[in-house]
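# Breakdown of the fold
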Amino acid sequence: MSEDLLLRDFKPKTALVTEDHTPQRAKFPVIDIHNHLGNWDEEWFQGLYNGGGWVIKDVAATVGLMDEMNVRSVNNLDGGWGDQLRENLERYKQPYPDRFTVFAWTDWGEVDLPNFGEKWAKELEKSVRAGAQGMKVFKTLGLNTRDKAGKLIKVDDPRLDPVWAAAGELGIPVLIHSSDPVAFFWPLDETNERWDELHEHPDWHFYGKDCPQFMEPIEAQLRVVARHPKTNFISAHVLSYAENLRWVSAALDKYPNLYVDIGERIGELGRQPYAARAFLTKYADRVLFGTDIPSNRTTYGIYFRCLETMDEYFDYGRSQGRYRIYGLYLPDDVLQKIYYKNACKLVPGLKVE
Ligand SMILES: [Zn+2]
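Throughout what follows, the structure given in this document is the object of discussion. Only a predicted model underlies this, so the values are computations on that prediction, with no experimental measurement involved.

For helix 4 (residues 116-130), spanning 15 residues, the distance from its first C-alpha to its last is 21 Å, which sits close to the expected 21 Å at 1.5 Å a residue. Along helix 4, the residues classified as buried are Phe116, Gly117, Trp120, Ala121, Glu123, Leu124 and Ser127. The arc that holds every buried residue of helix 4, seen down its axis, measures 160°, which confines them to one face. Exposed positions of helix 4 whose direction lies more than 90 degrees from the buried face are Glu118, Lys122 and Arg129. Each element contacted by the buried residues of helix 4 is listed here: helix 3 (82-93), strand 6 (135-137) and helix 6 (161-170).

A word on the coordination of the zinc ion. Every protein donor of the zinc ion is listed here as His34 (NE2), His36 (NE2) and Asp292 (OD), and their distances to the metal cover 2.1 to 2.3 Å. One chain supplies every donor for the zinc ion, spaced along it as H-x1-H-x255-D. In this pair, His36 sits in the loop between strand 1 (30-35) and strand 2 (39-40) while Asp292 sits in the loop between strand 10 (287-288) and helix 13 (297-308), placing the two residues 256 residues apart along the sequence. Across the pair, Asp292 and His36 agree in class, each one buried.

A separate point is the sheet that holds strand 7 (residues 174-176). As summarised here, the arrangement of the 5 strands in space is 6-7-8-9-10, forming an open sheet in which the pairing is parallel. Of all strands in the sheet, those bounded by a partner on one side alone are strand 6 and strand 10. With 3 bridges connecting them, strand 6 and strand 7 associate as parallel partners. Residue pairing across strands places Lys136 opposite Leu175, the latter belonging to strand 7.

If you walk through the whole model with that rule in mind, you get 25 aromatic pairs. Ring centres 4.9 Å apart and planes at 70° place the aromatic pair Phe214 and Tyr241 in the edge-to-face group. Within this pair, whereas Phe214 is found in the loop between helix 7 (195-200) and helix 8 (215-227), its partner Tyr241 is found in the loop between helix 9 (236-239) and helix 10 (245-254), the two being separated by 27 residues in sequence. Phe214 sits in the buried class, given a relative accessible area of 8%. For Tyr241, a relative accessible area of 16% corresponds to the buried category. Chaining the aromatic ring pairs together yields one cluster made of Trp40, Trp81, Trp105, Trp120 and Phe138. A cation sits over an aromatic face here: Arg271 above Tyr323, 3.9 Å from the ring centre. In this arrangement the basic side chain of Arg286 is found over the ring face of Tyr259, its NZ or CZ atom lying 5.6 Å from the centre.

Pairing is parallel across the open sheet formed by 3 strands, whose spatial order is 1-4-5. For this open sheet the edge positions go to strand 1 and strand 5 (100-102), each flanked by a neighbour on one side alone. Averaged over all neighbouring strand pairs, the angle between strand axes comes to 20°, with direction disregarded. Against the sheet, helix 3 touches strand 4 (71-76) and strand 5, its axis set at about 170° to strand 5.

Look at Asp292: it is buried, it has no salt bridge, and the nearest opposite charge is Arg265 at 6.2 Å. Looking at Asp292, its side chain comes within polar contact range of the side chain of His36, at 3.0 Å.

In this structure, His237 is a non-glycine residue whose phi angle is positive, near 55°. Look at Val238: it is not a glycine, yet its phi comes out positive at around 50°. Within the element layout of this structure, Val238 appears in helix 9.

How each quantity is defined
Residues numbered from 1 in each chain as written. Predicted model: local features only at pLDDT ≥ 70, side-chain atom pairs only at ≥ 80, totals over all residues. Heavy atoms only, no water. Helix = DSSP H or I, 4+ residues; strand = E, 2+ residues; numbered from the N terminus. Expected span 1.5 Å × (residues − 1). Buried < 20%, exposed > 50% of the residue type's maximum accessible area, 1.4 Å probe, protein only. Arc of directions from axis to C-beta. Contact = heavy atoms within 4.5 Å. Donors = N, O, S within 2.8 Å, 3.2 Å for Na, K, Ca; no water. Pairing = 2+ DSSP bridges. Phe/Tyr/Trp six-rings, centres within 6.5 Å; stacked < 30°, edge-to-face > 60°. Lys NZ or Arg CZ within 6 Å of the ring centre and 35° of its normal. Axes fitted to C-alpha atoms, helices over the stretch in contact; angles between N-to-C directions. Lys, Arg positive; Asp, Glu negative; His and termini not counted. Salt bridge = Lys/Arg side-chain N within 4 Å of Asp/Glu carboxyl O. Polar contact = N/O pair within 3.5 Å; in protein donor to acceptor, adjacent residues only side chain to side chain.

Given below as structure tokens:
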């Protein structure tokens, strides 16, 4: 036994004797509103999911798993537009119309075109006619995407307004991700709770790079939500600030057309069980279930365990921070809203019989 131990070698085993009530299937039907099933060639995505190409290699097997786990429908946020949208619809929605939905994108990089707003409002309408049931906005808007002059395009750039308005007119929600976990914007030193994760993915670290501060894209997103009260916005990852539920609550109080999904934030919610339970109960009409992870038994098991049970101090399946989580034992009516009722209310054509 050495006297000094490196942090990376420290793998303590808990002495707690606890029970595991991981549900074999969800208590109520589930709609996974935040997922990615697209055909990805980009390197960073290859590293994350199954080596590139279609994220789901065997669609029928995934539907089988969904049946087993009581997942009624998975929303594929990788629709893009034009041919990409058609391919995604053909692969998922056409063979399984009740089991998958697809959201379309806008090409923000074209913002310099004099007719940008009109062109992409029309394109969105075309996408909806083709079968898209919502629009997805990636975090690159507000963090990376630049116009021709090299200037960062802000989320609330007025040139984008016609697209947000079009979504409202078409009656589809906008699922929008702005910014990233707050610790990604902090110095990577001994105080950063996501040290392990950021060492694994140094490209996720924003501190000291030429990009906005943590709050800037989120605040810009909220200005868009305020400007477009007739458009429903589903803000991904608990408005990107699950670490501060009081702040998220204030935003939900202020903007009735604002909703949030819980994708990739089960670790944040489960490590503050009292606050999270109160939050999810109070805002049960405004929160949607999502995972952001291609459907698999382990991930769904962890989410259902956290939302449904009173289990204590368990692993949440990600290496975001060195903590464990607790079950929130949400009441049935809250679970039903978060699992599927809110999604059915927001996404046209989506229903659970
Ligand atoms: Zn995502």
